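Chain residues, written in single-letter form:
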Amino acid sequence: MNEKTPVSFAEAFRVWAKIGILSFGGPAGQIALMHRILVDEKKWLSEPQFLHALNFCMLLPGPEAQQLATYSGWLLHGVKGGLAAGLMFILPGVAVMLGLSILYAAYAELAFVEAIFFGIKAAVFAIVIDALIRISKRVMKTGALYAVAGAAFAAIFFFDIPFPVVVLGAAMFGLLAVRISPAVFGDALETREEEMLRGGRGPISMRRTLATLVIGLAVWLLPVAALLLVLGPVHVFVQEAVFFSKMAVVTFGGAYAVLAYVAQEAVQNFGWLNPGEMLDGLGLAETTPGPLILVLQFVGFMGAHRAETGLDPMLAGMAGAAITTWVTFAPCFLWIFLGAPYVERMRNVVSLNAAFTAITAAVVGVILNLALWFGLHVLFGEVAEVRVSIFRLWLPALSTLDPWALVLSAAAILAVLRFKAGILPVLGFAALLGLAIRFLVP
């Protein structure tokens, strides 16, 4: 940031709104967009500042692109700037996702809507596989990290161990391994000197830190407590508020990492939606601006829409979506405002970096589980859950294999991996092919 020509808040707000509207393409595309605008075009942040902020956000639970926007706004204008940047990054997508959720709930039974989502599911399967490959290339640098990923996959796929337990186990491995033999991480823990962050935010203060923590927790959790006191623990609004608050704490690795656990709980335990609808929601989230974690808004909408709340189903769905969105993103602002003043110190703590490196490796195994779970439900009409003691396995009925789903999935995978097609073109073309198959093929 050029200290001689400070950026006005009004100008920054317009840029944050622009970024929010154009933030398609998942975290990679969103981060590239912010880099081009903030570093290359506006020159509000230097390259080291931007990369330092990005590295910090990658260590946090939650959507890293939204947190990077919040961090960048904080650098420019403090808490006011962080709120503006973070909110404008998500609000366009929240509005679009709410509209799509309403349309889905009203018209999903129609044949043409089912046909569109038949194609979209195949594209989503390809996108998840692409995410698995991209993250693997970035993270998996040693045999030990592959072992962590394999253990995480086995823990969830075969033993149904909850995602938070997997995250905790990976963190403990990282903390122990870096003390015993740092070589197991290869060069994953290397750091480099970068310029100090500037932005006039003031010196580190324990009083300020405590105030930030208290205010942030109150904004996030007081509404949850109020719902609990008024409605009781079994009400769907309370269940969603509590469940997605937990997700906000353990969503390391972005949306793909947590979706397997969300799907497991939302589909099997709470009964908010079925596996096919979970895929539909991910497809909707892929088509909207903003972070992919907005798929949770769809889950919250559908869960409340179907529950007995005493409200009109659409109104209940909107309330469920609002609750889910609130508890998903309120913590993201807390993490940034609480941690940003300490980010330089955190970057020098080797044991902390080791813990998060191990967590990121575990995320690869979690996404592999997600890819298999999605793939089975895309390709087969019936998938049974078989349990023997503590062992769990998903077994498809081979006779229910959908050959057109297989063809569509293969074509989408080829388009994404071989020809590097963008997300929106692949989703759009897959939706059109789904329509053609359902209405033109005998």
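Residues numbered from 1 in each chain as written. Predicted model: local features only at pLDDT ≥ 70, side-chain atom pairs only at ≥ 80, totals over all residues. Heavy atoms only, no water.

Undergrad: Sorry if this is basic, but what is going on with the overall build of the protein here?
TA: Check the secondary structure of the protein and you find 17 helices and two strands. Relative to its length of 442 residues, the protein is compact, with a C-alpha radius of gyration of 22 Å against a globular reference of 22 Å. Each principal axis of the C-alpha atoms in the protein carries an extent, and together these give about 70 × 50 × 50 Å. Classification of the 442 residues of the protein by burial places 53% in the buried group. Accessible surface for the protein amounts to roughly 19,400 Å². Of this, 69% is attributable to carbon and sulfur atoms. (Helix = DSSP H or I, 4+ residues; strand = E, 2+ residues; numbered from the N terminus. Rg over C-alpha atoms; globule rule 2.2 N^0.38 Å. Buried < 20%, exposed > 50% of the residue type's maximum accessible area, 1.4 Å probe, protein only. Areas by Shrake-Rupley, 256 points an atom, 1.4 Å probe, with all protein chains shown as cover.)

Undergrad: In this structure, what is going on with the pairing of strand E1 (residues 383-388)? I would like to understand it.
TA: Every other side chain in a regular strand lies on the same face of the sheet, so the side chains alternate between the two faces. The pairing of E1 with strand E2 (residues 391-396) spans six bridges and is classified as antiparallel. Across the sheet, Glu385 pairs through a bridge with Trp394, a residue of E2. The hairpin turn running from E1 into E2, its antiparallel successor, is two residues long, and Ser389 in that turn takes a positive phi close to 60°. (Pairing = 2+ DSSP bridges.)

Undergrad: Where do I start with the pattern of salt bridges in this structure?
TA: Pairing between side chains of opposite charge can happen when the charged atoms of each approach one another. Throughout the structure, instances matching the rule amount to seven salt bridges. In this structure, the salt-bridge partner of Glu41 is Arg36, at a minimum N-O distance of 3.8 Å. Judged by relative accessible area, which is 46%, Glu41 ranks as partly exposed. Arg306 is the salt-bridge partner of Glu277, the closest N and O atoms lying 2.3 Å from each other. With Glu277 in helix H11 (residues 275-286) and Arg306 in helix H12 (residues 295-306), the pair connects residues that are 29 residues apart, well separated along the chain. You can call Glu277 buried: its relative accessible area is 9%. Salt bridges sharing partners connect three or more residues here, namely Asp160, Glu385, Arg387 and Arg392. (Salt bridge = Lys/Arg side-chain N within 4 Å of Asp/Glu carboxyl O.)

Undergrad: Where do I start with the nonpolar core in this structure?
TA: Generally speaking, nonpolar side chains in soluble globular proteins are found buried as a group. Counting residues in hydrophobic clusters, the biggest one holds 145 residues, and the most contacted among them are Trp16, Ile19, Met34, Leu38, Tyr71 and Phe244. Residue contributions to this core peak at 18 residues, all from helix H15 (residues 350-379). With sequence-adjacent residues up to four places away left out, Phe244 is seen in contact with Val262, Trp272, Leu296, Val299, Thr324, Val327 and Thr328. (Core = buried A, V, L, I, M, F, W, Y, C linked by side-chain atoms within 4.5 Å. Contact = heavy atoms within 4.5 Å.)

Undergrad: Would you explain the environment of Phe125 in this entry?
TA: Note that Phe125 resides in helix H5 (residues 111-139). Spatially, the C-alpha atom of Phe125 lies 24 Å from that of Phe270, the residues being 145 residues apart in sequence. Those residues in contact with Phe125, other than ones at most four positions away along the chain, are Ala371, Gly375, Val378, Ser409 and Ile413.

Undergrad: For this particular structure, what's the right way to read H12?
TA: Think of an α-helix as 3.6 residues a turn; residues three or four steps apart then line up on the same face. Taking 1.5 Å per residue, 12 residues should reach 16 Å; H12 reaches 17 Å between its end C-alpha atoms and fits that length. Of all 12 residues in H12, 11 are buried; the element is thus mostly enclosed. Along H12, the residues that are buried comprise Val295, Leu296, Gln297, Phe298, Val299, Gly300, Phe301, Met302, Gly303, Ala304 and His305. (Expected span 1.5 Å × (residues − 1).)

Undergrad: Sorry, what's going on with the packing of H12 against helix H13 (residues 313-339) here?
TA: For the pair H12 and H13, interaxial distance at closest approach is 7 Å and the crossing angle is 145°. The crossing of H12 and H13 is right-handed. Taking contact as the criterion, the partners of Leu296, Gln297, Gly300, Phe301, Ala304 and His305 in H12 are, on H13, Pro313, Met314, Ala316, Gly317, Met318, Gly320, Ala321, Thr324, Thr325 and Thr328. Its residues assigned to classes, the contact of H12 with H13 shows eight nonpolar, eight polar and no charged. (Axes fitted to C-alpha atoms, helices over the stretch in contact; angles between N-to-C directions. Left-handed = near helix turned anticlockwise from the far one by under 90°. Nonpolar A, V, L, I, M, F, W, Y, C, P; charged D, E, K, R; others polar.)

Undergrad: In this structure, what is going on with the state of the cysteines? I would like to understand it.
TA: Covalent bonding between the sulfur atoms of two cysteines is what defines a disulfide. A full pass over the atoms with the stated rule returns zero disulfides. With no disulfide partner, Cys57 has as its closest neighbouring cysteine sulfur the one in Cys332, 9.8 Å distant. With relative accessibility at 0%, the residue Cys57 sits in the buried group. (Disulfide = S-S within 2.5 Å.)

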